[in-house]
Amino acid sequence: MHTVPGNEFRRSIASLAVATMFFGSLALPLPAFAFSQLNPPAAQPGVAGKSPQQRNDKPVEEALEAPSKTIPAPDPLVNNQAGQSNGTASSSAPNGGKQAEILFDISKAPEPVRKLREAIVEAAASGDLERLRPLMNVGGGLKQTQVTADDPTEDPIKTLHDLSGDPDGIEILSILLDIMSSGFAHVGQGTPDEMYVWPYFAEKDIKSLTAPEKVDLMRIVTAGDFSDMLEFGGYNFYRVGITPDGKWKFFTSGE
């Protein structure tokens, strides 16, 4: 049989194409499987049958409900002094006289005392020294608030302005605010000299202060001031006295 060269060449090309297709199909990659499909995780108790979305729909609520590992905020210092009960305590007066009642709950003071204290705190926090004037009965002679022992009739606002370490009286107002934020002492019960005195250190033996009381004191004075007080024998910084009927008797420093 006679073979045409062109036909033989075409048959060779066709055979080569068939062979290429056959061997190429053998080299096709197998379907890929994820590692999780090959090794499915073991079922965990309590989560069987739940989708990931169902298991994690409330992560914030669960975190808030978990026990906190942070340090709790401290309770108010003045309500947790060592040896105190229901916000009260007893203390021997510095001069050895009748015991003073130490108080940390302002509700135990008479209403006129509470109202005046609140007014003093608001005035001091305002930063305006003149707001103290109507509270001091200025111009009332011996009945006005005493700020020095020299001249009880002098203008107390001017005196406090001169005593302040700044030109606007801010320092003296800050001292007053710190003092009125402390505990207080009830002294002279049943006598004409009955008084509510801030801070309570003024009516305590300075050498017998507990560690928490020293912390309370150093919110008002420095460690150097405290050392001087120990040498002096008593509290000698600023103090405030209010009568049971709500009169501001004094705002002085010293013994």
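Analysis parameters
- Residues numbered from 1 in each chain as written.
- Predicted model: local features only at pLDDT ≥ 70, side-chain atom pairs only at ≥ 80, totals over all residues.
- Heavy atoms only, no water.
- Phe/Tyr/Trp six-rings, centres within 6.5 Å; stacked < 30°, edge-to-face > 60°.
- Helix = DSSP H or I, 4+ residues; strand = E, 2+ residues; numbered from the N terminus.
- Buried < 20%, exposed > 50% of the residue type's maximum accessible area, 1.4 Å probe, protein only.
- Salt bridge = Lys/Arg side-chain N within 4 Å of Asp/Glu carboxyl O.

**Q** Please explain the packing of aromatic side chains as it appears in this structure.
**A** Tallied over the full model, the rule gives eight aromatic pairs. Geometrically, the ring pair formed by F104 and Y200 is edge-to-face, given 5.0 Å between the ring centres and 70° between the ring planes. With F104 in the loop between β2 (100–103) and α5 (111–126) and Y200 in the loop between β4 (195–198) and α8 (211–217), this residue pair connects regions lying 96 residues apart in the sequence. Looking at F104, the relative accessible area reads 9%, which means it is buried.

**Q** I'm lost on the pattern of salt bridges in this one. Help?
**A** A full pass over the atoms with the stated rule returns seven salt bridges. With a closest N to O distance of 3.2 Å, E111 and K115 form a salt bridge. With E111 and K115 both in helix α5, this residue pair falls four residues apart, about one helical turn.

**Q** Looking at this model, I keep getting lost on unusual backbone geometry. Mind explaining?
**A** Glycine aside, residues mostly have negative phi angles, and peptide bonds mostly take the trans form. Omega for the peptide link from W198 to P199 comes to -15°, which places this bond in the cis form. You can see P199 is positioned in the loop between β4 and α8. With a phi close to 55°, N137 is a non-glycine residue in the positive phi region. Locating N137 in the fold gives a position in the loop between α5 and α6 (156–163). Given the relative accessible area of 39%, N137 is considered partly exposed.

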